[in-house]
Amino acid sequence: MAKIQIDGTFYEVKSEKNLLDNCLALGFDIPYFCFHPAMGSIGACRLCAVKKFANADDKRGRIVMSCMEPVVEGMIISTDDPDVKAFRESILEGLMANHPHDCPVCDEGGECHLQDMTVMTGHNYRRYTFKKRTHNNQYLGPYIKHEMNRCIQCYRCVRFYRNYAGGKDLNVFGSGNRVYFGRQQDGALESEFSGNLVEVCPTGVFTDKIFNKHYARKWDLAHTPSVCQQCSLGCNIIVSERYGMIRRVMNRYNGSVNGYFICDRGRFGHEFINSPDRIKKVHLRASKASELLEVDESCTLSDFMGKKVIGIGSPGASLESNFALLNLVGKENFSHGISEAEHKLTNQSIRLLQSRKVYSPSLKEIEKSDAILVLGEDIAKTAPMMALAVRQAARSESIKLGEKLGIPEWNDYAVRELDQNHQGPDFIVTPSATKIHELVEMAGQAFAKAENPLIITGISGGNEDILDACSTIADALKKQGKKLSVSIVFPECNSVGLALLDGLTLEETEERIDGRQKAEEKIDTVIILENDLYKRASKERIDAMLKKCRQVIVIDHLMNETARQADVLLPAAAFAESAGTVVNNEGRAQRFYSAVPLTGQLKPGWSWCNDQWENLDQVVNALVDAYPVFSAIKNQMPDADFRCSNEKIARQTMRSSGRTAMNANISVSEPKPPQDNDSPLAFSMEGYKGSPPSGLIPYYWSSGWNSVQATNKYLDEPDGHVRNGGDPGVRLFDDIDKE
Amino acid sequence: MLSLIRSIFYTFLHAFHKRETQDYPEKMPYLPPRYRGRIILSRDPDGKERCVACNLCAAVCPVDCISLQAAEGDDGRRYPEFFRINFSRCIYCGLCEEACPTYAIQLIPDFEMADYNRQNMVYEKEHLLISGQGKYHGFNFYKEAGVNMGVKATGGGENENQPVDLKSLIH
């Protein structure tokens, strides 16, 4: 810590961070472009100028770039000196000299960092009368649109793509006024993190092509905090809606999970919600031989229930949906719908994580590990954001070396020059079972020097021997006084949550349906909840199983192979249309909320599966009563009655437009806004607009900060933790530890 | 008594004043071109829709009576997929015209908008779009913008240099 004087007031600031970072943490509005809290400083844009005074007698001072300025005890600076303001304005004027007149047709308009900074610095009239420099654009694949004319040469894109995310196919070319950011030739971007360029770019060079197909301005979108369901990491996302349609997914900051970035699967994988294959109506089959037909009348699950029912849940469905089904059919008739091997390995993994022996780290903690062993899991494919975290962890040695030589971590370019792309001690091993003992030996040696050793493994490529090996290594490290972190990648977004409930495996389910039991125990109805069984076992096995049931009820959102076999097909709300809780791979339970008001026959899975509970809170209460392991969810997550200043939290922005016209084609009388009984969020622009509790932030906006850079206003410090309640989510395994 | 006679006298005098009554609708009153009446969407000199669906009119509208959806044509040109104004809410403030960066939305001197049915006051794009340029002649946004949306090539604008050739060694 250091005490410095900013604009005549003394502040305690962090000496390991640079001046700009500290000023932003204190809430000063210093304009900047090239600095990024997760990527450090490079000093390319010259916008974050402040005045530094040598001592109290120095009245003249000198202009310095705050992002490249270390904090020194007793430092005196001014952020609003007239010289500094004029300097920033002139820098902005220079950057704008070649910027095209594109804002009305630019997808970044309304959430553009360049627009914000132009207003903030006060530059408004163009004096440069010569012609603008132009660039040809490239085709960068189906996700990212390239418009190079808009570039202001901040270098953030290549610093993210190459340095931070390890991409190889995007680079900077040319020099002087001709600097060009792109690929060597046209072609799809190869990195699995390319979507982040949209958020990292301060202007509209890289824009979201998927969003462009049904574009709406940021101010017009209704935003909802949600959790990505594409893998088991549970990255936080913001789902945005307009005119009742899901439009895009953006990153939602969670200082313990995904930070500022999400992978492309999370960002672009939501389009299935708008797919023509969506099941939106109840489908019925009159007899086994007839076709599955849409019906208009409303119905409930109890209309079709048989006497002996078996329910198949899904690791891809929310905890509440699975529990509602379990409650409906009874514990002994509830199946997880996963294979015996996966079931066994998942349970064993959870037992390991729950034990005090090893620690289950968050993604942020993985970034801080100094020795990593990846065992038998291709994390770049099964959990891309974990691969990104490992990439940051691999720099730990270089950062330590920099610190030794007096180069702070934030001085990014200097540290990277110093290490010459040296990667820290991390091993990636795909073991076969016979070599486990050698592996333990090798890891033991590598981990001997490390302070925060970490083993990453997973269900898809792992086996029981690996988990045993983890246990052995943990014992070995314990003797040295160290705790081993183990991070396990699970196959689906709620694999962990489901495993904490009781249930049968798919094989046991087949056996129960097989009919070798007594006649009165014979299963006549099977309910399949959001689970495409044909992806879990061979076609013959599933065909045989379903054929033996008198009635197959499927609750799902997409017309998949299982849905086609249904006798009764009920339309389930997808994750962005319903609220629920999922538990990620570290054991963090996180709540997602519905981004669109439900219309027609769509209902969330938990709503189909019960008659007694009317909203999500009642399901959660029953869940906690039956499974106390989840009690932290009830205690720590705000329920639907939660209010900020007696108001619900508004999903829409203050500037949201078209309220009196959007439905006028149907009826000129404006309808009442739809109600949301499952969350403290409102489908309206009316409601609380301040800084809500961390898990309920619908969008990032602050006066003067319309772009995603406003994220920092919601954090205790840039790249820190979310204010008002800490990082969203509740860690379930820690609570067990305390007990 | 005296005041009564005085009042009758003044009333009688009005018989010789200039008449205020207008013979509307037989005789249409003069309205200046900048009168803020019915809203129209204009076309550029090439006869194509001027509106680029930037949403600024909708954002600035104090009664939120404009609603539209952006779409992109095959040439990349932006246009509104639908453009709806609820005239039963419109207060004819003209802020939409001021906000419009392309002179697409304009208020014209026509105030005859009354209707017996409010539903008839909802105007869609086909009701709003005229075939001319309205008050502002000669402006084509895509000639000023940097993007290539089928009107001019990248670097083909009046205020633009030809695109940089990255493979050339000479600046």
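About the cut-offs
Residues numbered from 1 in each chain as written. Chains lettered and ligands numbered in written order. Predicted model: local features only at pLDDT ≥ 70, side-chain atom pairs only at ≥ 80, totals over all residues. Heavy atoms only, no water. Helix = DSSP H or I, 4+ residues; strand = E, 2+ residues; numbered from the N terminus. Rg over C-alpha atoms; globule rule 2.2 N^0.38 Å. Buried < 20%, exposed > 50% of the residue type's maximum accessible area, 1.4 Å probe, protein only. Contact = heavy atoms within 4.5 Å. Areas by Shrake-Rupley, 256 points an atom, 1.4 Å probe, with all protein chains shown as cover. Lys, Arg positive; Asp, Glu negative; His and termini not counted. Charge placed at Lys NZ, Arg CZ, Asp CG, Glu CD. Buried area = accessible area lost by both parts, 1.4 Å probe. Salt bridge = Lys/Arg side-chain N within 4 Å of Asp/Glu carboxyl O. Patch = residues over 30% accessible without salt bridge, like charges linked within 9 Å, V, L, I, M, F, W, Y side chains within 5 Å. Domains from an automatic or database assignment. Polar contact = N/O pair within 3.5 Å; in protein donor to acceptor, adjacent residues only side chain to side chain. Pairing = 2+ DSSP bridges. Axes fitted to C-alpha atoms, helices over the stretch in contact; angles between N-to-C directions. Arc of directions from axis to C-beta. Parallel < 35°, antiparallel > 145°, perpendicular 65-115°, else oblique. Left-handed = near helix turned anticlockwise from the far one by under 90°. Nonpolar A, V, L, I, M, F, W, Y, C, P; charged D, E, K, R; others polar. Core = buried A, V, L, I, M, F, W, Y, C linked by side-chain atoms within 4.5 Å. Phe/Tyr/Trp six-rings, centres within 6.5 Å; stacked < 30°, edge-to-face > 60°. Lys NZ or Arg CZ within 6 Å of the ring centre and 35° of its normal.

*Asks:* Go over the overall build of chain A, please, and point to the residues and values.
*Replies:* Secondary structure summary: chain A contains 24 helices and 30 strands in total. Taken over the C-alpha trace, chain A has a radius of gyration of 27 Å; the compact-globule value for 739 residues is 27 Å, and the two agree within 12%. Along the first, second and third principal axes, the C-alpha atoms of chain A reach 95 × 75 × 50 Å. A burial count over chain A gives 61% of its 739 residues as buried. Long-range contacts, defined here as pairs at least 24 residues apart, represent 73% of the contacts in chain A between residues at least 6 apart. On chain A, roughly 29100 Å² of surface is accessible, and the fraction owed to carbon and sulfur atoms is 49%. Counting 87 positive and 97 negative side-chain charges, chain A places the centres of these two groups 4 Å from one another.

*Asks:* Break down the overall build of chain B for me, with residues and values.
*Replies:* Counting its secondary structure elements, chain B contains five helices and six strands. Listed by position from the N terminus, the elements making up chain B come as α-β-α-β-β-α-β-β-α-α-β. The globule rule puts the C-alpha radius of gyration for 171 residues at 16 Å, and the 25 Å found for chain B is more than 25% above it. Across its three principal axes, chain B shows a C-alpha extent of roughly 105 × 35 × 30 Å. Entry remark: accessible area of chain B is about 10500 Å², with carbon and sulfur atoms responsible for 55%. For chain B, the centre of its 20 positive side-chain charges and the centre of its 22 negative side-chain charges are spaced 6 Å apart.

*Asks:* Provide a residue-level description of the interface of chain B and chain A, including the pertinent values.
*Replies:* The figure often quoted for interface size is the accessible area lost as the parts come together. Facing 48 residues of chain B, the contacting portion of chain A comprises 49 residues. Roughly 3800 Å² of surface becomes buried between chain B and chain A when both sides are summed, with 49% attributable to carbon and sulfur atoms. For the chain B face of the interface with chain A, the top three residues by lost area are Asp 64, Val 164 and Leu 166 of chain B, together amounting to 16%. Remark: the boundary between chain B and chain A carries three salt bridges.

*Asks:* Can you lay out unusual backbone geometry for me, pointing to particular residues and giving the numbers?
*Replies:* Residue Pro 25 of chain B follows Tyr 24 of chain B across a cis peptide bond; omega there is 5°. Looking at the secondary structure, you find Pro 25 of chain B in the loop between helix H1 (2-13) and strand E1 (39-41). The phi angle at Glu 530 of chain A is positive, at roughly 45°, despite the residue not being glycine. By the secondary structure assignment, Glu 530 of chain A is in the loop between strand E23 (525-529) and helix H19 (539-547).

*Asks:* I'd love a proper account of a nonpolar patch on the surface, names of residues and values included.
*Replies:* Together, Phe 9, Tyr 10, Phe 12, Leu 13 and Phe 16 of chain B make up a nonpolar patch on the protein surface, roughly 580 Å² of accessible area in all. With respect to the helices and strands, the residue Leu 13 of chain B is situated in helix H1.

*Asks:* Please set out the domain arrangement of chain A residue by residue, giving values where relevant.
*Replies:* Residue and element names in this part refer to chain A. Domain annotation for chain A reports domain 1 (2-96), domain 2 (104-113 + 129-212) and domain 3 (355-490). Listed per partner, the contact involves seven residues of domain 2 and nine residues of domain 3. Contact between domain 2 and domain 3 buries roughly 760 Å² in total, counting both sides, with carbon and sulfur atoms accounting for 54%. Looking only at domain 2, the three residues that lose the most surface to domain 3 are Asn 163, Tyr 164 and Phe 193, adding up to 65% of its buried area. Our enumeration of links across domain 2 and domain 3 arrives at one salt bridge. The partner of Asp 412 in a salt bridge is Arg 159, and the shortest N-O contact between them spans 3.7 Å. Taken together, domain 2 and domain 3 are joined by three residue pairs in polar contact (both at pLDDT 80 or more).

*Asks:* Explain the pairing of strand E2 (residues 66-72) of chain B to me, and be specific about the residues and the numbers.
*Replies:* Residues and elements named next belong to chain B. Buried residues dominate E2, accounting for six of its seven residues. In the sheet, E2 pairs with strand E3 (residues 78-86) via seven bridges, with the strands oriented antiparallel. When the sheet's bridge partners are listed, Ser 67 is paired in E3 with Arg 84. The turn linking E2 back onto E3 is made up of five residues, and Gly 76 within it adopts a positive phi angle of 90°.

*Asks:* I'd love a proper account of the sheet that holds strand E5 (residues 122-123) of chain B, names of residues and values included.
*Replies:* Consider a sheet: its strands pair through backbone hydrogen bonds, and that pairing is either parallel or antiparallel. Strand order in the open sheet made by the three strands is E2-E3-E5 (chain B), with antiparallel pairing throughout. Unpaired on one side and paired on the other, E2 and E5 of chain B mark the two borders of the sheet.

*Asks:* Summarise the sheet that holds strand E2 (residues 9-13) of chain A; cite the residues concerned and give the values.
*Replies:* Residue and element names in this part refer to chain A. In space, the five strands of this open sheet follow the order E2-E1-E5-E3-E4, with mixed pairing throughout. Each edge of the open sheet carries a strand with a single partner, namely E2 and strand E4 (62-65). Neighbour-to-neighbour, the strand axes of the sheet open up by a mean angle of 40°, direction not taken into account. Here strand E3 (residues 49-53) runs beside strand E5 (residues 76-78); their pairing, made up of three bridges, is antiparallel. Bridged to Phe 53 within E5 is Ile 76. Taken strand by strand, helix H2 (residues 82-96) contacts E3, E4 and E5, and its axis lies near 150° from that of E3.

*Asks:* Can you explain helix H18 (residues 506-513) of chain A? Please cite residues and give values.
*Replies:* All names here are of chain A. Listed in full, the buried residues belonging to H18 are Leu 506, Thr 509, Glu 510 and Ile 513. Here the buried residues of H18 occupy an arc of 100° about the axis, which is enough to place them on one side. Packed against the buried residues of H18 are strand E16 (309-312), strand E17 (334-335), E23 and H19.

*Asks:* Tell me what's going on with the packing of H2 of chain A against helix H3 (residues 113-121) of chain A, and back it up with residues and numbers.
*Replies:* Residues and elements named next belong to chain A. Look at H2 against H3: their axes get within 9 Å of each other, and the N-to-C directions meet at 140°. With respect to each other, H2 and H3 are oriented oblique. As for how H2 packs across H3, the hand of that crossing is left-handed. Residue-level contacts link Arg 88, Glu 89, Leu 92 and Met 96 of H2 to Leu 114, Met 117, Thr 118 and Thr 121 of H3. Classifying every residue of the contact of H2 with H3 gives four nonpolar, two polar and two charged.

*Asks:* I'd like to hear about the nonpolar core, residue by residue, with values.
*Replies:* All names here are of chain A. Within the largest apolar cluster, 107 residues are counted, with the highest numbers of intra-cluster contacts made by Phe 33, Phe 160, Phe 206, Met 385 and Met 386. No other element matches the seven residues that helix H12 (residues 384-393) contributes to this core. Excluding anything up to four places from it in sequence, Phe 160 contacts Met 39, Ala 165, Phe 193, Asn 196, Leu 197, Val 200 and Phe 261. Grouped together as the second largest cluster of nonpolar side chains are 75 residues, Leu 353, Leu 373, Ile 459 and Ile 473 included.

*Asks:* Outline the packing of aromatic side chains, listing residues and values.
*Replies:* Here the structure, examined in full by the defined rule, presents 26 aromatic pairs over all chains. On the basis of an interplanar angle of 70° and a centroid distance of 5.6 Å, the ring pair of Tyr 128 of chain A and Phe 130 of chain A is categorised as edge-to-face. A centroid spacing of 4.3 Å and a plane angle of 20° characterise the contact between Tyr 103 of chain B and Tyr 136 of chain B, whose relative ring orientation is stacked. Of the two residues, Tyr 103 of chain B sits in the loop between helix H3 (95-99) and strand E4 (105-107) while Tyr 136 of chain B sits in the loop between helix H4 (125-128) and helix H5 (141-144), which places them 33 residues apart along the sequence. For Tyr 103 of chain B, a relative accessible area of 35% corresponds to the partly exposed category. Among the aromatic residues, those joined into a cluster by ring pairs are Phe 160, Tyr 164, Tyr 253, Tyr 260 and Phe 261 of chain A. Above the face of the Phe 683 of chain A ring, Arg 651 of chain A is positioned so that its terminal group lies 3.8 Å from the ring centre.

*Asks:* Residues and numbers for the pattern of salt bridges, please.
*Replies:* Residue and element names in this part refer to chain A. Counted according to the given criterion, the structure contains 45 salt bridges over all chains. Notably, a salt bridge pairs Lys 548 with Asp 514, separated by 2.8 Å at the nearest N-O pair. Of this pair, Lys 548 sits in the loop between H19 and strand E24 (551-556) while Asp 514 is found in the loop between H18 and E23, placing the two residues 34 residues apart along the sequence. Here Asp 514 falls in the partly exposed class, since its relative accessible area comes to 26%. Taken together, the shared-partner salt bridges in this structure form one network comprising Lys 14, Lys 17, Asp 21 and Glu 717.

*Asks:* Give a description of the environment of Glu 49 of chain B that names residues and reports values.
*Replies:* Residues and elements named next belong to chain B. Positionally, Glu 49 belongs in the loop between E1 and helix H2 (56-60). Along the primary structure Glu 49 and Gly 132 are separated by 83 residues, whereas in three dimensions their C-alpha atoms are 9.7 Å apart. In contact with Glu 49, not counting residues within four places along its chain, are Ser 42, Arg 43, Asp 44, Arg 77, Tyr 79, Pro 80, Lys 125 and Leu 129. Polar side-chain contacts of Glu 49 include one of 3.1 Å to the side chain of Lys 125.

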